[in-house]
Amino acid sequence: MSKKLLMAAADAASAAAKEEHIQIPLRNWIDVEDTDNFLTAASEKSQLLDVSKSRSDKNIRRRKESMIRKVTVAYGIVELLVRCPNNNVALDDDTKIGIDNFAVCVYKKRGKSSSQQQQSDDIRGVRMLSSGLSLSIEEPSYLSCLFEEGGEKDDQMGRYLEVELDAADALLGGFKTDCSDSAEGKEVISIHRCHYLLAKILHELFTHNEEFPDDNHHHGDDEPAPKKAKTEPLLDREEGVAGVGKSGSASIPSIEQMQQWGVPASICRMMQNLLESAAESGGDSYKTMGEVGEDLHLLLFDPDRFLFDHDADNMQLQYRKEKLYGRDKEETLITDTFCRVTRGQSEAFFIGGFSGSGKSMLVDTLRVRVKNVGGYVIKHKFDAMSQVTPLSGVIAAVNQLCLMIKRRLTSKSLTALSKKLKNAFGADIGLLARMLPNVCVLSPEFSSLTGEVEDENTSDKMNVRSVSFTLLRFIRLVSSPKRPIMLFLDDLQWADDTALDVVHTFLSDTMGSCMFFVGTYRDNEVQIGHAIFDLLQKLETSNVPTTKVSLTGLDRGDLNKMMSDSLGLYPRICKSLSDIVFQKTKGNPFFVLEFIQSLQSRDLLQYDSCQKRWLWNEDAIRAEEITDNVLHLLSSKLNQLPNEVRLLLKVMACFGTSTNESVIGYLSESPEYAGVRNGLEGAISDGFVELDAEEYIKFVHDKVREAAFNLTPDKDKKQLHYNLGKTLYSICEGKDVGNTIFLIASQINHGKESIEKDAALRIPVAKLNMKAGKKALDGCDHKMAYFYFFAAVSFLPDDGWESYYDLSLRLNLLMARAANSSCKYDEAELTLQRICKRARCLQDKLPAYFLMVTMFLAQGHPNQACDTCSSILTQLGETVPETVTIEMVGDMIPETLSMYSEVYGDNWLGKKMEDSTLCNIVKFYSAMATAAYFCKPLHHGAYFVCKMVQLSLRNGVCQYTPLALMQLSSIVIRIDNAAFVHRIAKSALVLSEKFGSSDEKTEVLVNYYIGAGHIDSYQLGANQLRRGFSSGLSSGNASTAFLCAGQWANLSTISAEIDLPSLLREMDYYLHLLELYKSELIKKFILCYRETVSTLIDRGQTTAIDAKLSYADVSDPGRDPGTGNKLLEMFYFHQVFRNYWLGYSERCHHYATKFFTVSKPGHFRIYVIKFYHGLNSIDKIRKQANYNKMKEVSEIIAAMKVAASHAESNFRNKLELLEAEQYGITGRRDLALHTYDTAIASAQKANFIHEQGLACEKAGFYCKRMKYNEKSLSYFNQARECYEKWGSTELKSCLSNVTIEFGQKELCESSFSDKFGSLGAHSAGLGVILELELLGRE
C-alpha cells in the first residue's frame, strides 16, 4: 500500500473519532433539506439584480449539492430494498416501502450548532425502521485520497459511492420476499408493486409533494395489464402525462411541471419507468430493483452528464474523448509492464489493431503515470506521406527529449548533466549536437556547437549503427529507473528497418539505459517480412522482454457504455440504439463516433428540449446503407465545409499527418493559396485538425487525413503536389527555412515529368535537392540524404558531365557517400565507378578512389584495398615495391627514427603540409598500411608507416601524420628505447588533437595503447580505451572501435580497473555488439579474456559460456592470416595469468615459456608475464629447494627494475613483491617484511586491488613460516578483503577458510592438509596452494 493511501486511512480514522452520526426520519430530513433550498432561493430572489455572479454560482452549486444528497438517499433506499431478500426481511406490506419507514443517518461534526447541521453534515447511510436494517454509504478512501485538497476533486461533484450493510444487521430474521429478480409474487408484494411504491417515495423525496397519482394499480391476483408497444412515446408531449394501470390511469406531472419544482428530467424519467414497470407496459420499464440502483449510481458518479438538465440551445453529443472504453485488461497490462521498467530493465510493448481501434488512446493512459514517476514520454508518428525518413523521426523524438529535460530539471541538475555529457562524449559532443540540435539548451557551453559539422570525410564511415550508438550513449546518460524514458512510435507499419534497428539498439543495451518502448501498428496493413517482425525476432534473440496485444472492436456492452456517455442517457435506454450502431461499425470506436455524429447532422438523432433527452428513429437508422469503412462518412462531412477549410485540408493532406504552421504562413502569401490561413481557423473549430505546443498542425486522426486527401481526384494529386512545391520554392528561395527544405523538395519532385520537359527548371531543382540532401547529412540521416542526392542527379541534363561538370562531380560523390553510409553498397560502387570513368583528372577521382578503399576495408576485402592503393600511389608518382623484404624494413626504421630525432621540435609540429598531392599520397599510404595489417606479413605495414612518417618529416604534418607516428611507435617500442618512443607517441597525441577527426583520434588512441601507452597507468589507459570505443562506434569506425574494446578488456583484466563481475558484464555487452556487427576478429580475443575473468570469479561454475570453439584454433596461425600469431601470443599470455591465480604451477611455467618464444622482445606486456613467472619460479625454489633458479629470478628482477623506471605506476609494486619474495627465501627477514609492506602500499597506490591482495597473501604466509601468527592473520584478512573487492568469489572463499583455521587452532601441516588437500586444481589462489605445498614439505 502506498504512503498516500496509508495517510488517507489514518486521516479517516482520525475523522471518525471526531464525528458521530444521528438518525433523522426521512420525511423530516426532506423538510429540512427543502427549507434550506427555499431560503437560498428566497435570498437570491430578494437581492434581484444585485446578486453577483459569484454568489449566484454559489447558490446554484448549493442547489445541485442538495439534489445529489437526495439522489444519495434514494440510492441507499434502493440498495436496502435489493438486500432485503438476502437478509430475510419480508416486504409483505406496502408500509414497508413507504417514506415513513426510512430514516437518514448523517454525520454530526462536533462544535456545530443545530442550525448549521443539515447543510454541513454529510449523509452516512439509510435505515429501514421496521426491520432495523441499515447500510452505510461512502466513497472509498483509496479514491478520495488520490485528489489533493483544493485540487481537481473540489471542482467535480460526482462521487463513486459504495454501500455496505452494517454488520449487526446481518443477524436479522424475517420472511421471504420476492422483491428480487427471481420472485414470483405469492405471499409478499410483487416486484411491480415494489416499483410503484418506490416511485411514490421518489416523487415525494424530489418534489416535497405528498400527492401522488391515484393508486389504482393492481394487487395480488389482478390480471396483468397488456404491454404497450415499444413505439409509443416515452412521454405524451401534448398531454404531458403517461397512462399506467389496468382499470384506471395514474399519471405524474410532466417534465415541464416537475422542472418548476427543480426536479431533473433524469429523475422524472426514472419515476416514469418505474410506473411503466408497475403497469407492465413495456417501453423502458425496469425489470429489477438492481437496475434502478445502477441508474442511481450512474447519476451520482457523473451528475453533470446524467443527472442535471442541459441547455437545449446548440446541444452537442457528450462523447468522452479522453475515456478509453473496453480496454481495462490491456490498460492493466501496459501499466504493469511499465512498472517493471521502473525497476531498471528495458521492455517492449506492441499494440496491433485496425485504424480507429484506440491504440494511441491506450498508450496515452500511461502518460500521467510516467510523468508522476519522473519519466519522459517522447513520441513520433510515422507517416506514409512524410518528407522525412523513419530514422529522422526517431532522431526528432530524441531531440525533443532535450527540451523536456530542460523544462523538468533544476539548474543544479542541468549543470550536473551537462558535465556528464562532456565527460562521456568528449570530442564527440559536436557529433551529438549534429544529431540533436536541441542538446545546446542543456548547457550554455553547448550553444556554440549548433550547426557545427566536421569534415565531410567523416560521413564516409558513419551509418545507421553509428547513429544508433550515439543516440544510445545519450539515452544512457539521461535515463534511469528513477527517470525512465517511454518511446512511443505510432503507425509502425510505415517504419523501415533503419528506424527499428535504432529501437533494437536502445532496448538490447545492458549498460545502464532504462527505456519502455511502445509501438503501435495496423496489423491488417503489415505483411510477413515487414520490419516489425524482424524487430520482434531480434528482441527475442536479445532476451528483451516483449509484450504483444491486438485490439479489436468494442463488444456490445462497452459500446453501450460509450453511447450512454455520449447521449447522457441510462445504458438500458440506449441499448437498442447501441446494438444497431454495433452492427454498422463492428465496434470500431472512431467509426462509432463518426457514425453517431453523422446521425445527428442528418437529424436521425435529435435532442428534444421538452423531454431533455436525445431521441432517434431506430427504423430509419437500421435502414441506413453504410459500408464498413468510415471514409465515406468523413468525405460527406468534408464536402459540406466552406471552400477555404476544404482547401486547407487538401493542402495539409499532401504534407502528411502534420504540418508546421510556418508552412501555412508561407502558402498564404501566394494568391492561389491565400485562403488557407482563414481555412485553418475553421478546420480547428470544426475539430478536424489541432495545433500542438510545437506549432505543428495535426490531423485529429489518420482517417481524417485520408478523407481530406481523397478530396483531390487521383489524376490531379501529382499536379497539386507539384504546384505546392513550386509555390513554396518561389516564396522561400534564398531563405533559411530549416527542415522545411525537405517538404519543398519532396513536393516539387512529384512533378518530375514536368521538370524534365523544362530545361530551365532542371538545374535549380537539382540544386534544391542537393541542399536538402546536405541538410539530411548534417542531421546524420544518410538514407534520406541518398534519396535527395539521387533525385538531384536524375534532374541533371543528359550532358551534365560536360555542361555542369563541377555540379555533376559533386553530386555523384555526395550520393556515393550517402549510399555507402545507408548500406547501399552496390549503388555506391556503381556511382564511384561512374565518377572514376567520367572525371577529367586524377585529382578529381581521388576522393572516389579513397571511398572505394574505405568500402573494401569495411567489407573485409583488404587485398582489393591494397591493390587500389598501390595503383593510385603509382599514378601519384610513388614507387611501391611489389615485394617488401624484412631487410628493407630493417634499413627504413633506423633511418626514420634518425630523421625524427633531427627534425623533432615545436617548429616541425607547427609546419603544415601544403602540397595537396603529398597529402593524398600520405592518405593512401595510411589506408595501405591498415589494409596490409590484415592481409600481409607484419613488416609490410611497417614499411608503409615509415614512408608516411618520412614524407611528413620532410614536408610537414597533415591529417594522417598522427596515426603514422603512433603506428611507428607501436612498431619500434622496446624497453631499451621506451623514453624515446614515448616522446614520438606523445607528439602523435598532440597532433591528433590538432588535425584528427573523431574516428582518426580513435585509431591513434588504440595504437598508443598497443605500444607506448604501457608507460602510462594501465587504469588510465583502460578508461581512455573505453571512451575510444564509444567514439569509434559513434563515428562509424567500428573496426577501430572494437580494437579499443579488445585492448580495454585486456588492460582491465590484468589491472583490475573494475571489479570482475562488472568486467564480465561489459565483455558480454561487447560480444553482443560483435555479433551484430559480424566481427569475428576481435571476438576471439575477447572470448579469451572472458574465460580468464569467468575462471577468476568462480571457476566458471555460473559465469562460463560455451565459447572455446571460437578460439580453439589459436595454435594454428595459418588458419587466421595476419592475426594468428597475435591471437596465439595473447592466448599464451592469459594462460600464464590464469594458471598462476588458479595454482597450476607447472602449467604456468609451460605457457610462460611458450609466450616468450612468440612475443616481441622488449615489449612491455612481456614484463607482466615476467612478474608472474618470477613469482612462480620463487615458489618452485622454495618447494623444491632448487636454488639453481635464483639466477633466473635475479635476471627477472633486474629487468623489472628497468620496466619500473619507465612505467612506475604499472611495475613498481610488482618489482617490490618479487624483491620481498627474494629477500624472504634468502633469509633477510627484516628487509623482506619491510618490502612486503612497500609492495602492498605501491599496489594500493596504483589501484591494483588484486595485486595488493596477492602481496598481503604472500606476506601472510611468510609471517606464518616465521611464526608471526597474529601478523600473519592480519595479512590474510587484508588479502581476503582485497579479493572480495576484486569480485573473486573463489579467492575470497579460500582466504576465509585460512582465517577460520586461525580462529579454531594453531595452523600446522595437518590442518592445512585436511582443509586444502582436496582442493588441488580447484583452489583459487596459486599463492595459497604453493605455500601449503611448502608447509607440507617442511
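Residues numbered from 1 in each chain as written. Predicted model: local features only at pLDDT ≥ 70, side-chain atom pairs only at ≥ 80, totals over all residues. Heavy atoms only, no water.

A. Spatial organisation of the overall build of the protein. Helix and strand counts for the protein stand at 61 helices and 15 strands. Sorting the 1338 residues of the protein into buried and exposed places 57% on the buried side. Contacts spanning at least 24 positions in sequence make up 72% of the contacts within the protein whose residues lie at least 6 apart. Summed over all atoms, the accessible surface of the protein reaches about 57200 Å², with 49% contributed by carbon and sulfur. (Helix = DSSP H or I, 4+ residues; strand = E, 2+ residues; numbered from the N terminus. Buried < 20%, exposed > 50% of the residue type's maximum accessible area, 1.4 Å probe, protein only. Contact = heavy atoms within 4.5 Å. Areas by Shrake-Rupley, 256 points an atom, 1.4 Å probe, with all protein chains shown as cover.)

B. Region of interest: the pattern of salt bridges. All chains considered together, the criterion is met by 54 salt bridges. As a salt-bridge pair, Asp100 and Arg27 come within 2.8 Å of each other at their nearest N and O atoms. In this pair, Asp100 is assigned in the loop between helix 3 (53-83) and strand 2 (102-109) and Arg27 in helix 2 (residues 26-47), connecting sequence segments 73 residues apart. Residue classification places Asp100 among the exposed residues on the basis of a relative accessible area of 53%. Given the relative accessible area of 22%, Arg27 is considered partly exposed. The closest approach of N and O atoms between Lys1180 and Glu1146, which form a salt bridge, is 3.4 Å. (Salt bridge = Lys/Arg side-chain N within 4 Å of Asp/Glu carboxyl O.)

C. Region of the structure containing helix 16 (residues 411-425). The end-to-end C-alpha distance of helix 16, which contains 15 residues, comes to 21 Å, matching closely the 21 Å that a straight helix rising 1.5 Å per residue would cover. Turning to helix 16, its buried residues are Leu414, Leu417, Ser418, Leu421 and Phe425. Down the axis of helix 16, the sector holding all buried residues measures 100°, keeping them to one side. Exposed residues on helix 16 whose side chains face more than 90 degrees from its buried face are Lys412, Thr415 and Lys419. Where helix 16 is buried, its residues meet helix 15 (390-408), helix 17 (429-435), helix 18 (464-478) and helix 47 (1018-1034). Gly426 lies just past helix 16 and shows a positive phi near 55°. (Expected span 1.5 Å × (residues − 1). Arc of directions from axis to C-beta.)

D. Up close: the nonpolar core. Counting 400 residues, the largest nonpolar core has Leu26, Leu421, Phe474 and Leu649 as its most contacted members. What Phe474 contacts, discounting residues up to four positions off in sequence, is Val398, Leu401, Cys402, Ile405, Leu421, Phe425, Leu432, Leu436, Val439 and Leu442. Listed in part, the 18 residues of the second largest apolar core include Ile351, Leu362, Leu366 and Val549. (Core = buried A, V, L, I, M, F, W, Y, C linked by side-chain atoms within 4.5 Å.)

E. Representation of unusual backbone geometry in the model. With a phi angle near 55°, Lys612 is a residue other than glycine that sits in the positive phi range. Its place among the elements puts Lys612 in the loop between strand 11 (605-608) and strand 12 (613-616). Accessibility expressed as a relative area gives 19% for Lys612, which makes it buried. One non-glycine residue, Cys780, adopts positive backbone phi at about 65°.

F. Representation of the side chain of Arg124. You can see Arg124 is positioned in strand 3 (residues 123-128). Judged by its relative accessible area of 18%, Arg124 falls in the buried class.

G. Local environment of the sheet that holds strand 15 (residues 696-699). The strand order 13-15-14 describes an open sheet built from three strands, whose pairing is antiparallel. Sheet topology places strand 13 (658-660) and strand 14 (689-691) at the edges, where each strand pairs with a single neighbour. Averaged over all pairs of adjacent strands, the angle between their axes in this sheet comes to 20°, without regard to strand direction. (Pairing = 2+ DSSP bridges. Axes fitted to C-alpha atoms, helices over the stretch in contact; angles between N-to-C directions.)

H. Focus on the confidence of the model for the protein. Per-residue pLDDT for the protein has a mean of 82; in total, 83% of the residues score no lower than 70. Every residue in residues 110-120 is under pLDDT 50, and counting partners more than four places away or in other chains gives 15 contacts. Counting interchain partners and residues more than four positions distant, the pLDDT-below-50 stretch residues 451-459 has 17 contacts. (pLDDT = per-residue confidence, 0-100.)

I. Spatial organisation of the environment of Phe349. Looking at where Phe349 falls in the secondary structure, it is placed in strand 6 (residues 347-353). Look at Phe349 and you get buried, because its relative accessible area is 0%. Measuring from C-alpha to C-alpha, the distance between Phe349 and Gly519 comes to 6.4 Å, with 170 residues separating the pair along the chain.

J. Expanded view of helix 57 (residues 1249-1265). The terminal C-alpha atoms of helix 57, which comprises 17 residues, lie 25 Å apart, in line with the 24 Å expected from a rise of 1.5 Å per residue. The buried fraction of helix 57 is high, at 17 of 17 residues. Lys1267 sits one or two positions beyond helix 57 and adopts a positive phi of about 70°.

K. Geometry of the pairing of strand 6. Taken across its seven residues, strand 6 has seven buried, putting it largely inside the fold. In the sheet, strand 6 pairs with strand 9 (residues 515-521) via six bridges, with the strands oriented parallel. Bridge pairing in strand 9 places Phe350 opposite Gly519.

L. How the structure looks around the packing of helix 30 (residues 714-732) against helix 31 (residues 740-749). In contact at an axis separation of 7 Å, helix 30 and helix 31 are set at 135° when each is read in the N-to-C sense. Between helix 30 and helix 31, the angle is such that the two are oblique. Every pair of crossing elements has a handedness; the one defined by helix 30 and helix 31 is left-handed. Where helix 30 abuts helix 31, its residues His721, Tyr722, Leu724, Gly725, Lys726, Leu728, Tyr729 and Cys732 lie against Leu743, Ile744, Gln747 and Ile748. Considered class by class, the residues forming the contact of helix 30 with helix 31 number eight nonpolar, three polar and one charged. (Parallel < 35°, antiparallel > 145°, perpendicular 65-115°, else oblique. Left-handed = near helix turned anticlockwise from the far one by under 90°. Nonpolar A, V, L, I, M, F, W, Y, C, P; charged D, E, K, R; others polar.)

M. Layout of the sheet that holds strand 7 (residues 376-381). The sheet built from five strands is open, its strands ordered 7-8-9-6-10 with parallel pairing. Taken across any chain shown, the strands that pair with only one partner, and hence form the sheet edges, are strand 7 and strand 10 (546-551). The sheet shows a mean angle of 15° between the axes of neighbouring strands, direction not considered. By the bridge criterion, five bridges tie strand 8 (residues 485-490) to strand 9 in an arrangement that is parallel.

N. Layout of the packing of aromatic side chains. This model, assessed by the stated rule, comprises 38 aromatic pairs. Here the aromatic rings of Tyr943 and Phe944 are separated by 5.5 Å at their centres, their planes lie at 80°, and the arrangement is edge-to-face. A residue is classified by how much of its surface remains accessible, and Phe944, at 4% relative accessible area, is buried. Each residue in the set Phe469, Phe1029, Phe1042, Trp1048, Tyr1069, Tyr1070 and Tyr1077 is aromatic and connected to the rest through ring pairs, giving one cluster. Here the guanidinium or amino end of Lys1214 rests over the ring plane of Phe1171, the centre of that ring lying 5.9 Å away. (Phe/Tyr/Trp six-rings, centres within 6.5 Å; stacked < 30°, edge-to-face > 60°. Lys NZ or Arg CZ within 6 Å of the ring centre and 35° of its normal.)

O. The arrangement of the environment of Gln345 in detail. Structurally, the position occupied by Gln345 is in the loop between helix 12 (328-341) and strand 6. Here Gln345 falls in the partly exposed class, since its relative accessible area comes to 45%. Residues Gln345 and Ser513, 168 residues apart in the sequence, show an inter-C-alpha distance of 8.2 Å.

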